[in-house]
Amino acid sequence: MLLLHGVAVTADLNWFGAFGPLRQHFRVVAPDLRGHGRTPLRGRFRLIDCADDVAALIETLGLERVIIVGYSMGGLVAQLTWQRHRRLVAGLVLCATARNFRGSRDEGLMSLSLMGFTRAMRFNPFLPLMGSGVLASAVLGQVRHSGLRSWAHTEMERTSLATTSDAFEEVARFTSHQWIGDVDVPTAVLITRSDHVVPPSRQRRLAAAIRAVSVHEIDGDHGVCLDAPGRFGDAVLTACRSVVVDGVPG
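Per chain, residues are indexed from 1 in the order of the written sequence. Local features in this predicted model are restricted to residues of pLDDT 70 or higher, and side-chain atom pairs are both shown and tallied only at a pLDDT of 80 or more, whereas totals for entire chains, interfaces and linings draw on every residue. Where side-chain values are given, they derive from all heavy atoms of the structure, hydrogens and water being excluded.

## So, the packing of aromatic side chains
So, step 1. Pairs were defined over the aromatic rings of Phe, Tyr and Trp, the Trp ring being its six-membered one, requiring ring centres within 6.5 Å. Orientation was assigned from the angle between planes: stacked under 30 degrees, edge-to-face over 60, tilted for the rest. Evaluated as defined, the whole model comprises five aromatic pairs.
So, step 2. Taken together, a centroid distance of 5.1 Å and an interplanar angle of 85° make the contact between F16 and W151 edge-to-face. One end of the pair, F16, is in helix α1 (residues 11-23); the other, W151, is in helix α6 (residues 146-156), with 135 residues separating them in the sequence.
So, step 3. With 6.1 Å between their ring centres and 20° between their planes, W82 and W179 make a pair best called stacked. Taken together, the residues span a long stretch of sequence, with W82 in helix α3 (residues 73-84) and W179 in the loop between α7 (161-173) and β4 (187-192) at a distance of 97 residues. W179 carries the same exposure label as W82, and that label is buried.
So, step 4. Through pairs of rings, three or more aromatic residues link up here, namely W15, Y71 and F232. A run of DSSP states H or I qualifies as a helix once it reaches four residues; a run of E qualifies as a strand once it reaches two. Both are numbered from the N-terminal end. Only protein chains enter the area calculation, which uses a 1.4 Å probe; residues under 20% of their type maximum are buried, those over 50% are exposed, and those in between are partly exposed.

## With respect to the pattern of salt bridges
So, step 1. Salt bridges, as used here, are contacts in which a Lys or Arg side-chain nitrogen is within 4 Å of a carboxyl oxygen on Asp or Glu. With the rule as written, the count across this model stands at 14 salt bridges.
So, step 2. Measuring nitrogen to oxygen at the nearest pair gives 2.6 Å for the salt bridge that ties D219 to R193. Of this pair, D219 sits in the loop between β5 (213-218) and α9 (224-227) while R193 sits in the loop between β4 and α8 (200-209), and the two are 26 residues apart along the sequence.
So, step 3. Taken together, the salt bridges that share partners define one network made up of D32, R38, E155 and R158.

Pasting the structure below:
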């Protein structure tokens, strides 16, 4: 399993609740995407570069073909990795994500508002020095455990607000609606039922567009991975196992 995190967060923050359950059944690799966490960024942030990074990592580690699990923005990178490097992808698990983030604002798509905020922040001369912790509550929603909230802020501070601004713009421009129906590997979609960032209706449209798909749902907001890590980990494991039969994808 290769796990891809969402915008502004790190692999550890996004997937810590899933590491334990997944490691009982799979070999797990979870990188910080370029510009996020501990991975540097050269130039502007682009989703296609992240997909190419994923392919390079798979080949460098000699993994041959992998199941790619993506959360939110990581789900977009997972889709692009299949489109650009199909021979490396054995299956997909797409969590809290969509085919695109375009359309009417009345769906409450927070990413558009966040993109407007980060665009405005470009005029701040201190932008390159600022971390993304300021966006923690907007991206993750309510996190009831104070210790986890504090850790989330610290982890998000590892990613510059400039990178996050570029990432939101990339997410807002992304669309896979013209080719996502061509996905030919076993796929699972994990829907976050109370998501204020990626409306569940968009997540369901993603699932409906894919032919060989298993649909799973979990109660929670976009930050359910942090607010309920145990339930999230179990849900991710169930979704991952649904794309594997007798130890083989499919």
